[in-house]
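Structure at a glance
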Amino acid sequence: MVCGNQGVFAVLDEIHAEFPRETGRRGEFVRQDSAFREWITADGSSGFKAEPDRYHLYVSLACPWAHRTIIIRKLKALEQVVGMTVVDPIRDERGWAFSDAPGCGPDPINGFSFLGEAYRATDAAFEGRVTVPVLWDKQQGRIVNNESADIIRMLNSEFDDWGRADLDFYPEDLRNEIDAVNGEVYPDINNGVYRCGFAASQEAYDEAFEKLFAALDKLEERLSHHRYLVGDRITEADWRLFTTLVRFDPVYHGHFKCNLRRLADYPNLWGYTRDLYQAPGVAGTVNLDHIKRHYYVTHRAINPTGIVPRGPEIDLGAPHGRG
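Computed from a predicted structure; not experimentally measured.

Another point: the packing of helix α7 (residues 202–222) against helix α10 (residues 267–277). Their axes nearest at 8 Å, the elements α7 and α10 cross at an angle of 75°. Relative to α10, α7 is oriented roughly perpendicular. Of the residues in α10, those in contact with L216, L219 and E220 of α7 are P267, N268 and L269. Split by residue class, the contact of α7 with α10 holds four nonpolar, one polar and one charged.

What follows concerns the environment of E220. Tracing the sequence through the fold places E220 in helix α7. Considered as a pair, E220 and W270 are 50 residues apart in the sequence and their alpha carbons are 9.1 Å apart. Polar contacts involving the side chain of E220 include one to the main-chain amide nitrogen of L269, which spans 2.8 Å.

Attention now moves to the pattern of salt bridges. Pairing between side chains of opposite charge can happen when the charged atoms of each approach one another. The final tally for this structure, using the stated rule, is 22 salt bridges. Where D179 meets R153, a salt bridge forms, and the shortest distance between an N and an O atom there is 3.0 Å. Here D179 is found in helix α5 (residues 175–190), whereas its partner R153 is found in helix α4 (residues 148–157), with 26 residues between them in sequence. Residue classification places R153 among the partly exposed residues on the basis of a relative accessible area of 23%. Measuring nitrogen to oxygen at the nearest pair gives 2.7 Å for the salt bridge that ties R262 to D265. On the basis of relative accessible area, R262 is assigned to the partly exposed category, the value being 41%.

Next up on the list: the sheet that holds strand β2 (residues 83–86). Here four strands make up an open sheet; going across it, the order is β2-β1-β3-β4 and the pairing mixed. Edge positions in the sheet fall to β2 and β4 (142–145), since each has one partner strand and no second. Sheet twist, expressed as the mean angle between neighbouring strand axes with direction ignored, is 35°. As paired elements, strand β1 (residues 55–59) and strand β3 (residues 134–137) share four bridges and run antiparallel to each other. Note that in β3 the partner of Y58 across the bridge is V134. Packed onto the sheet, α4 meets β1, β3 and β4 and runs at close to 85° relative to β4.

Counting residues in each nonpolar core, the largest one holds 92 residues, and the members touching the most others are L115 and W239. By residue number, the principal contributor to this core is α7, which donates nine residues. In contact with L115, not counting residues within four places along its chain, are Y58, W96, F98, V130, T131, V132 and V134.

As a further point, take the packing of α5 against helix α8 (residues 236–245). Where α5 contacts α8, the axes come no closer than 9 Å and their chain directions differ by 10°. Viewed along their axes, α5 and α8 adopt a mutual orientation that is roughly parallel. Touching I178, V181, N182, V185, Y186, I189 and N190 of α5 are E236, A237, R240, L241 and T244, all from α8. Class assignment of the residues belonging to the contact of α5 with α8 gives a composition of seven nonpolar, three polar and two charged.

Attention now goes to the packing of aromatic side chains. Taken as a whole and judged by the stated rule, the model has 23 aromatic pairs. When the centroid spacing of 4.8 Å and the interplanar angle of 45° are considered together, the rings of Y119 and F126 count as tilted. Residue classification places Y119 among the buried positions, given a relative accessible area of 0%. On the basis of relative accessibility, which here comes to 17%, the residue F126 falls in the buried class. Between the aromatic rings of W239 and F242, the centroid separation amounts to 5.7 Å while the plane-to-plane angle is 90°, which identifies the pairing as edge-to-face. Here W239 and its partner F242 are both found in helix α8, three residues apart, which amounts to about one turn of the helix. Look at F242 and you get buried, because its relative accessible area is 0%. An aromatic cluster is defined as three or more aromatic residues linked by ring pairs; in this entry it consists of F29, W65, Y186, Y194, F198, Y205, F209, F213, F248, Y252, F256 and Y295.

So, on to the confidence of the model for the protein. The pLDDT averaged across the protein works out to 95; a share of 94% of its residues lies at or above 70. Within the protein, no element has a lower average pLDDT than helix α1 (residues 4–18), which sits at 51, and none a higher one than α8, at 99.

Of all ten residues making up α8, ten are buried, and the element is well covered by its neighbours. Along α8, the residues classified as buried are E236, A237, D238, W239, R240, L241, F242, T243, T244 and L245.

About the cut-offs
Residues numbered from 1 in each chain as written. Predicted model: local features only at pLDDT ≥ 70, side-chain atom pairs only at ≥ 80, totals over all residues. Heavy atoms only, no water. Axes fitted to C-alpha atoms, helices over the stretch in contact; angles between N-to-C directions. Helix = DSSP H or I, 4+ residues; strand = E, 2+ residues; numbered from the N terminus. Parallel < 35°, antiparallel > 145°, perpendicular 65-115°, else oblique. Contact = heavy atoms within 4.5 Å. Nonpolar A, V, L, I, M, F, W, Y, C, P; charged D, E, K, R; others polar. Polar contact = N/O pair within 3.5 Å; in protein donor to acceptor, adjacent residues only side chain to side chain. Salt bridge = Lys/Arg side-chain N within 4 Å of Asp/Glu carboxyl O. Buried < 20%, exposed > 50% of the residue type's maximum accessible area, 1.4 Å probe, protein only. Pairing = 2+ DSSP bridges. Core = buried A, V, L, I, M, F, W, Y, C linked by side-chain atoms within 4.5 Å. Phe/Tyr/Trp six-rings, centres within 6.5 Å; stacked < 30°, edge-to-face > 60°. pLDDT = per-residue confidence, 0-100.

Take a look at the structure:
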């Protein structure tokens, strides 16, 4: 049995092994920067011109960052314009893998076995952690971008000649407010749950935990007066928050120790999550099987047995009362 400081050091070693460059000196999780930040433009001025069937998304249904891109691609009606392949939710030391498991598929573009091959094909010297989503250029044979915040904006505006130009999730008149909301939600909620889950010290965990629930409390109050985060319509700020909230009770509450309150204990946030889930086309992007198996099986430093809990019982289709 490992106890005392030995137990602490054992956990630290395991977390360092999984995230060797992403654990700070105080044991805090420090997310790596996205390595590829090129931009697709409608006119091609960036060197990457928006064209049908030129670009391909590599995603995981389990990952909240990739989930953002899946939702925007779906809502903007770009399924026939930008292809998409889903990796296996179970990730080992070799990284994200392509498979023929339910809900996944082999790589139809390059025949890669692992997503890491796409990174090395783009930059042979890449040594960081391989992440999803990845936006791949079939013409140039390289990654264009692996930052979800960038990809959703490209999908939102640069492919409007072929998708739903009537839908704009980043309208010009709301951009300043959207950016301000994103600036609060990202560090303390989107990334905050990971800062709780991957903390390698009590101090780092406590700090992330307090900021997370202070931010959730603030949003609960905001949503008591407004149906959506910004203005009277759904914007990218909502979708960026939604992909974290829909995973909160199934995964983050228990697995990442974000357990002061469940999402279901927040009347406004819980109704808001169901409201967004019930938007046409969104429910089909939520795969709780992939979500739960990814976190509970992949993160062995946190869940050594790999046992996937059967609960909680959640009804995302229940009336949300926010019309």
